[in-house]
Each structure stands twice: as structure tokens, then as C-alpha cells.
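Fold and contact review
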Amino acid sequence: ALASARSDALIWARDPEQARAINQQHLNPRYLPGIDLPPALRATSDFDAALAHVLDGPDPADRLIVLGVPMAGLADVCRRIAQALPALGPDAAPVHLLWTCKGISPDTHEWPHQIVAQALPDRPWLRTGVLSGPSFAREVAQGLPVALTVAGRDPDTTRAAQAAFHGTRARIYGTRDVMGVEVGGALKNVMAIACGISDGLRLGTNARAALITRGLAEIQRLGVALGGQADTFIGLAGLGDLVLTATGELSRNRQVGVAIGQGRTLEDILAGGMTAEGVRCARAAQALGRRHGLDLPITDAVCGVLFDGVAPTQAVAALLARDPRDE
Ligand SMILES: NC(=O)C1=CN([C@@H]2O[C@H](COP(=O)(O)OP(=O)(O)OC[C@H]3O[C@@H](n4cnc5c(N)ncnc54)[C@H](OP(=O)(O)O)[C@@H]3O)[C@@H](O)[C@H]2O)C=CC1
Ligand SMILES: O=C(CO)COP(=O)(O)O
């Protein structure tokens, strides 16, 4: 998206072959086959060179890094940034660092902003935030319109992201609610698995709408308990991304659910190495809910099916048999 409107967008890929394909053929055959990338987009597999490119740009007000790695790679990439970024003085122009990952650490139950803060402490010139919302990568790469939320504690960060993407096909809304945006992004993946299971079982569109609506209530319940703002969950990073992922055929989390509903095993589905963040974060969401004394029945049902051998039909029956309650 950035390279569609600016000539200075540089992508770093750890695989030199991928960087070469982007530079020479303007293609990303592994992840976005068949899509022509903007000719202005350049790539490198040299991490230090990528960081130098950010620091040496002509406009010091324009230093922006977007981390597009999955949760499993976030700490690692942040540590590399910590090693490679020189210490800048207190008067240095800020460097804005955004991440796109959606999830919770399965081991430590940490959120992305906590992982980033731990890996990159004591750098007042580094301003951080999360970029999230309904955004299938393939559609963004095709130049189709997309609206996203950027959340950062410092308004400079949201402004920097909005300015960087202005003039592209991506429209960015700002908020300060980092926690709410991260909870929305992580939990919608769990709900997308639930909707996929329902659709794989051919339970119909009424059931899907029920799961989306009650799933949103569950996401909001956890998000507010963790300090997020209730309104965030009816925005792009909440309802927007939930609707997209629970219903859109491009969603990998939804695809996992559909395959399970059709009778395949999780091991078999993930054997190809597909990133489905909802699988990795469902248990952590469940644990956080329990710690806060919250009722998260859909998350519990997804965990039961994914990890505890509960049959999908049995999980549906258990959800329907819960005691009646007020909406
Ligand atoms: N795909 C989408 O439509 C969207 C994804 N997201 C979120 O963004 C995050 C990234 O998703 P996505 O791009 O789809 O993930 P993919 O797994 O498809 O791609 C990840 C990219 O990150 C690289 N990578 C993975 N681990 C590391 C690491 N430890 N160090 C360096 N590079 C690494 C991969 O490199 P290599 O090929 O060498 O393995 C690959 O280039 C996820 O949390 C996802 O939920 C958010 C919005 C939309
Ligand atoms: O987060 C996404 C769209 O906003 C991508 O969803 P999947 O990870 O389920 O493909």
C-alpha cells in the first residue's frame, strides 16, 4: 500500500530469494502469487540496511517501520532492532514502530505491545503502535480499498501512520486504545475459527450470525476487563475485522474452522505451515478470561474442539444447552 504512493518504501525479507523476486520481477510468488507489486517497491534481505534506510531518509518527520511478522517472530525481530538501531539522543526525531500481528503469546500470555516494550526498553525516541483492522493481504496487494485502525499512546504515532498512508488506497483511523485494538485483533481469530466450524458443519447463516454477535460480546467483555474501551470493539479493529474474518473465504483462521467442521484434524490442517494465529492464542485468551473471572463460552468451545478432543457437534450442543440469560 505504501509503495503505491511513495517511492521510498522498502521491504525487508529474511529470505534473500524473496527479496530478489520482489526487486527483479515485482512479484512475491510465495505469499501473493499472481499479483504485480508496485514497481516502486524495493526489497532487501539486509536487516541493517533496512534500518539505515529508515534513519537516513530525507525527512526526519517520516521515520516509520511496520513489522509484518506473525506473533511467533515479533520478539525476535524486535531484539534484532534493539541490536541494530543506534542509540539516538533525547532530541532525536522520533522513529515510529508499528506492528500488524494479531495474537497473544501462548507461553507468557503477553500482548504484542508488552513484547515490544520488553524487547525495546528505554528508547524515548521510539514511538510505538499497532496497525489493525479488516485487511486481507491479498486484497491490499491488489490495490483494493481498505480502512484500518492505528492505535498508539502518542498522538504523533497515529498522525505519522495516517500521513504515511494518505494518498494510498488505505484509509487509517487513529485511536489511543492499544489494548482494545490488540484484543479485537487477537480474539476475532478465535471467533473466525468458531464460525468456520459452524459453517463446516453446515449449521447455516443464522448460527453464523449468532456466533459473530455473541463472539463480539465475548471479545468486548475480555477487552474491557483488560482496560480497553468498549467503543473500540464496534470499530474497524473489532466488529470490522470480526465480520471480515468470520465470513471471508480468504481467512486462514476461518479455513481452519471449516476444515475441522468437515472432519479433518488440526495436525493435518496445519501441516503445511499456514499461519493461523487463532489456534496459537485461543488457550491464552481462555486463561486470561479465567484470571479475570469472565465467562467466554465460545472461546472455551473452540479450545475444547482444538485441544481437548471435544467433537464439534458436542461443542455446539453444549453452547445451546447453557442456562438462558439476558442479552
Ligand atoms: N495476511 C493477512 O491478511 C493479515 C495478517 N495480519 C497479521 O499480521 C501478522 C503476519 O501475518 P502474515 O503476513 O499473514 O503471516 P505469514 O506467515 O503469511 O508471513 C509472515 C512473514 O513474516 C516472516 N517471518 C515469520 N517469522 C519471522 C521471523 N521470526 N523473523 C523474520 N521474519 C519472519 C515470513 O518470512 P518467511 O517467508 O521467511 O518465513 C513472512 O515473510 C499475523 O499476526 C497476522 O495475524 C494482519 C492483517 C492481515
Ligand atoms: O487478520 C486478517 C484480516 O484482517 C487475516 O485473517 P487470517 O489470519 O484469518 O487470514
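Small disclaimer: the values here were computed from a predicted structure and weren't measured.

About the cut-offs
- Residues numbered from 1 in each chain as written.
- Chains lettered and ligands numbered in written order.
- Predicted model: local features only at pLDDT ≥ 70, side-chain atom pairs only at ≥ 80, totals over all residues.
- Core = buried A, V, L, I, M, F, W, Y, C linked by C-beta atoms within 7 Å.
- Buried ≥ 20, exposed ≤ 12 C-beta atoms within 10 Å, placed from the backbone.
- Domains from an automatic or database assignment.
- Contact = placed C-beta atoms within 7 Å.
- Near = placed C-beta within 6 Å.
- Helix = DSSP H or I, 4+ residues; strand = E, 2+ residues; numbered from the N terminus.
- Nonpolar A, V, L, I, M, F, W, Y, C, P; charged D, E, K, R; others polar.
- UniProt positions renumbered as here; feature names shortened; annotations may be inferred.

Remarks on the nonpolar core
- Ranked by size, the top nonpolar core spans 72 residues in total, and within it Ala161, Val190, Met191, Ala194, Ala285 and Val302 carry the most contacts.
- Two domains each donate at least three residues to this core, and these are domain 1 (2-178) and domain 2 (186-320).
- Other than its neighbours up to four places away in sequence, Val302 contacts Val190, Ile193, Ala194 and Ala282.
- Ile11, Trp12, Ala19 and Ile22 belong to the second largest nonpolar core, which has five residues in total.

A few points about the site of ligand 2
- What surrounds ligand 2 is a group of 13 residues, the closest being Ser135, Thr245, Ser251, Arg252 and Asn253.
- Those elements giving two or more residues to the shell around ligand 2 turn out to be α7 (178-200), α9 (236-247) and α10 (252-261).
- With three residues, α9 is the largest single contributor of residues to the shell around ligand 2.
- Class assignment for the residues of the shell around ligand 2 results in four nonpolar, five polar and four charged.

Let's talk about the UniProt feature "active site" (unreviewed entry) in the protein
- Per the UniProt record, "active site" (unreviewed entry) is annotated on Lys188.
- On the secondary structure map, Lys188 appears in helix α7.
- A residue is classified by how many C-beta atoms lie within 10 Å of it, and Lys188, with 33 of them, is buried.
- Setting aside residues no more than four positions away along its own chain, Lys188 makes contact with Ile219, Asp241, Leu242 and Thr245.

A look at the site of ligand 1
- Around ligand 1, 20 residues are found, and the nearest of them are Gly73, Cys101, Lys102, Ala137 and Thr275.
- For the shell around ligand 1, the leading source of residues is helix α3 (residues 71-84), giving four residues.
- Class assignment for the residues of the shell around ligand 1 results in nine nonpolar, six polar and five charged.

Topic: the domain arrangement of the protein
- Assigned domains of the protein: these are domain 1 (2-178) and domain 2 (186-320).
- Using C-alpha coordinates to define each centre, domain 1 is positioned 27 Å away from domain 2.
- Listed as interface residues are 19 residues of domain 1 and, on the opposing side, 22 residues of domain 2.
- It is strand β6 (residues 146-152) that provides the largest number of residues to the side of domain 1 that touches domain 2, a total of three residues.
- For the side of domain 1 that touches domain 2, the class distribution of residues is nine nonpolar, seven polar and three charged.

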